[in-house]
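Chain residues, written in single-letter form:
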Amino acid sequence: MRSGLRNLSLNIRVVLVEPMYQGNVGSVARAMKNFGYSDLVLMNPCELEGQARAMSSHARDVLEGARIVSTLEEAVKGADLLIGTTGVSSLKTGEHIRLPLYTVKEVREKLKGCSGTIALLFGREDNGFSNDELKGFDMLVTVPTSEIYPIMNLSHAVAIVLYELSGLEGGSNPLADGFDLQLLYGHLDELLEEIDYPAHKKDKTSLMLRRILGRAGLTPREVQTLRGIIRKSERKMRLASGVETLQKIEDPGSIEKFI
Ligand SMILES: C[S@@+](CC[C@H](N)C(=O)[O-])C[C@H]1O[C@@H](n2cnc3c(N)ncnc32)[C@H](O)[C@@H]1O
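- In the annotation of an unreviewed UniProt entry, the entry for the protein reads RNA methylase, and the organism field reads Methanosarcina mazei.
- We quote the UniProt Sequence similarities (unreviewed entry) comment for the protein here in full: "Belongs to the class IV-like SAM-binding methyltransferase superfamily. RNA methyltransferase TrmH family."

Structure below.
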């Protein structure tokens, strides 16, 4: 949970996952500065030398201030909501992983009045994101493009997404801390185990729950309440099946409570 005074701003972080071309990284830095953003994180980027600097033009400060990390976990640390971007629509590929897909305008509407840190994630120039990476995002957005050629250049996609979000101001609805949201997802996965949810449906259902909760933009209090309910129902089920009582009795310090 975030502590101390509430920061009511909405911070937007751009994360480039394994960008391959210096020119794109420089152009992304430039687009960020054009729309007033500076929080750039690069996961395992290509070499960043002359071409990246040249393309960044007057946004050299954004490029040079970029945080370089080697894992996605580090890239999104401290972010409350992870929004992945893709040009590949599941309607064409038939993959449930890319659903539901929002436009940036729809995301903008959802974020109105919220405060917190949003990580906007952009994939590799050749392969975008792996399915496992996509599964970890709270929401997915796409820039609607021609069906004939929907995949945009990385830096063009960043520029349009930032243009659509620019001017969004923070508000009095704090987004739940990303870490707490991950704990909630973990509890839901445990609950699916606990209720013997059919194994062949578990992954899809777990992803569906993440997407529902991700797009809901939950507040810290809502996440705590949901976690509390799930923990309590898990405990009840364990007590009903005798598992928890047995575990406690195995702990010598608590035997007297049960005799
Ligand atoms: C050149 S594209 C990657 C194309 C890759 N073949 C794929 O399977 O996604 C690089 C990145 O730009 C972003 N991108 C490209 N087209 C987009 C679109 N129409 N809407 C949103 N993001 C897009 C995504 O982050 C994508 O991972």
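1. With respect to the overall build of the protein
Alright, step 1. Helix and strand counts for the protein stand at 12 helices and eight strands.
Alright, step 2. For the protein, with 259 residues in total, the buried portion stands at 43%.
Alright, step 3. About 14000 Å² of surface is accessible on the protein, with carbon and sulfur atoms providing 55% of the total.

2. Some words on the packing of aromatic side chains
Alright, step 1. Tallied over the full model, the rule gives two aromatic pairs.
Alright, step 2. Plain terms: the ring middles of Phe129 and Phe137 are 5.0 Å apart, the flat faces sit at 80° to each other, and that makes the pair edge-to-face. You'll find Phe129 and Phe137 in the same group, each marked buried.

3. Points about the packing of helix H9 (residues 178-194) against helix H10 (residues 199-216)
Alright, step 1. Between H9 and H10, whose axes approach to 10 Å, the crossing angle comes to 145°. In this structure, H9 meets H10 at a crossing whose hand is right-handed. In contact with Gln182, Leu184, Tyr185, Leu188, Asp189, Leu192 and Glu193 of H9, H10 contributes Lys202, Thr205, Ser206, Leu209, Arg210, Leu213 and Gly214.

4. Some details on the side chain of Arg211
Alright, step 1. For Arg211, the location among the structural elements is in helix H10.
Alright, step 2. Within the structure, Arg211 has its side chain in polar contact with the backbone oxygen of Phe137 (distance 2.5 Å).

5. What to know about the environment of Arg67
Alright, step 1. Inspection of the secondary structure puts Arg67 in strand E3 (residues 67-69).
Alright, step 2. Placed 52 residues apart in sequence, Arg67 and Val15 show a C-alpha to C-alpha distance of 9.5 Å.
Alright, step 3. Among all residues touching Arg67, those that are not within four sequence positions of it are Arg13, Leu40, Val41, Leu42, Glu74 and Ala75.

6. What about the nonpolar core?
Alright, step 1. Grouped together as the largest cluster of nonpolar side chains are 38 residues, with contacts concentrated most on Val14, Leu16, Leu40, Ile83 and Phe122.
Alright, step 2. The biggest single contributor to this core is helix H8 (residues 154-165), with six residues.
Alright, step 3. In this structure Val14 touches Val28, Met32, Asp39, Leu40, Val41, Leu120, Phe122, Val158 and Leu162, once residues within four positions along its chain are discounted.
Alright, step 4. With 16 residues, the next largest nonpolar core counts Leu72, Val76, Ala79 and Leu134 among its residues.

7. What about the pairing of strand E2 (residues 39-43)?
Alright, step 1. Burial analysis of E2 places four of its five residues in the buried class, which makes it a mostly covered element.
Alright, step 2. Read from strand E1 (residues 10-17) through helix H1 (residues 22-34) to E2, the crossover connection turns out right-handed.
Alright, step 3. Relative to E3, E2 runs parallel, the two being bridged by three bridges. Residue pairing in the sheet places Met43 in a bridge with Val69 of E3.

8. Re the site of the ligand
Alright, step 1. Not every one of the 19 residues close to the ligand is listed here, only the nearest: Thr85, Gly123, Val143, Pro150 and Met152.
Alright, step 2. A distance of 2.6 Å separates an oxygen atom of the ligand from a polar side-chain atom of Thr85.
Alright, step 3. In isolation the ligand has 570 Å² of accessible area, and contact with the protein removes 89% of it.
Alright, step 4. When grouped by side-chain class, the residues that make up the shell around the ligand number eight nonpolar, eight polar and three charged.

Conventions adopted
- Within every chain, residues take consecutive numbers counted from 1 along the sequence as written.
- With pLDDT at 70 or above as the cut-off, local features in this predicted model cover only qualifying residues; side-chain atom pairs require 80 or more to be listed or tallied, and sums for whole chains, interfaces and linings still use all residues.
- Excluding hydrogens and water, the side-chain figures rest on all heavy atoms present in the structure.
- UniProt positions are given in the numbering used here, feature names are shortened, and annotations may be inferred rather than shown by experiment.
- Where helices and strands are cited, they refer to DSSP runs of H or I of at least four residues and of E of at least two residues respectively, numbered from the N terminus.
- Only protein chains enter the accessibility calculation, which uses a 1.4 Å probe. A residue is then buried if its area is under 20% of the maximum for its type, exposed if over 50%, and partly exposed in between.
- Note on areas: these come from Shrake-Rupley sampling with a 1.4 Å probe, and a residue is covered only by the protein chains present in the view.
- Side-chain rings of Phe, Tyr and Trp (the six-membered ring for Trp) are treated as a pair once their centres are within 6.5 Å; stacked means planes under 30 degrees apart, edge-to-face means over 60, and tilted covers the remaining angles.
- Axes here mean lines fitted to C-alpha atoms, for a helix over just the part in contact, with angles spanning 0 to 180 degrees between N-to-C directions.
- Helix crossings fall into two classes, left-handed where the near helix is turned counterclockwise from the far one by less than a right angle and right-handed where it is turned clockwise.
- Whether two residues touch is decided by their heavy atoms; if any such pair falls within 4.5 Å, the residues are in contact.
- Polar contacts, as counted here, are pairs of nitrogen or oxygen atoms within 3.5 Å of one another; within protein the pair requires one atom able to donate a hydrogen and one able to accept it, and residues that are adjacent in sequence qualify only if both atoms are side-chain atoms.
- Side-chain atoms within 4.5 Å link the members of a nonpolar core, which is a set of buried Ala, Val, Leu, Ile, Met, Phe, Trp, Tyr and Cys residues.
- Handedness of a crossover: with both strands directed away from the viewer, a clockwise path from the first strand across the helix to the second marks it as right-handed.
- Should DSSP find at least two bridges between two strands, the strands are taken to pair.
- The criterion for a residue being near a molecule or strand is simple. One of its heavy atoms has to lie within 4 Å of it.
- Polar here means any residue other than Ala, Val, Leu, Ile, Met, Phe, Trp, Tyr, Cys and Pro, which are nonpolar, and Asp, Glu, Lys and Arg, which are charged; Gly is therefore polar.

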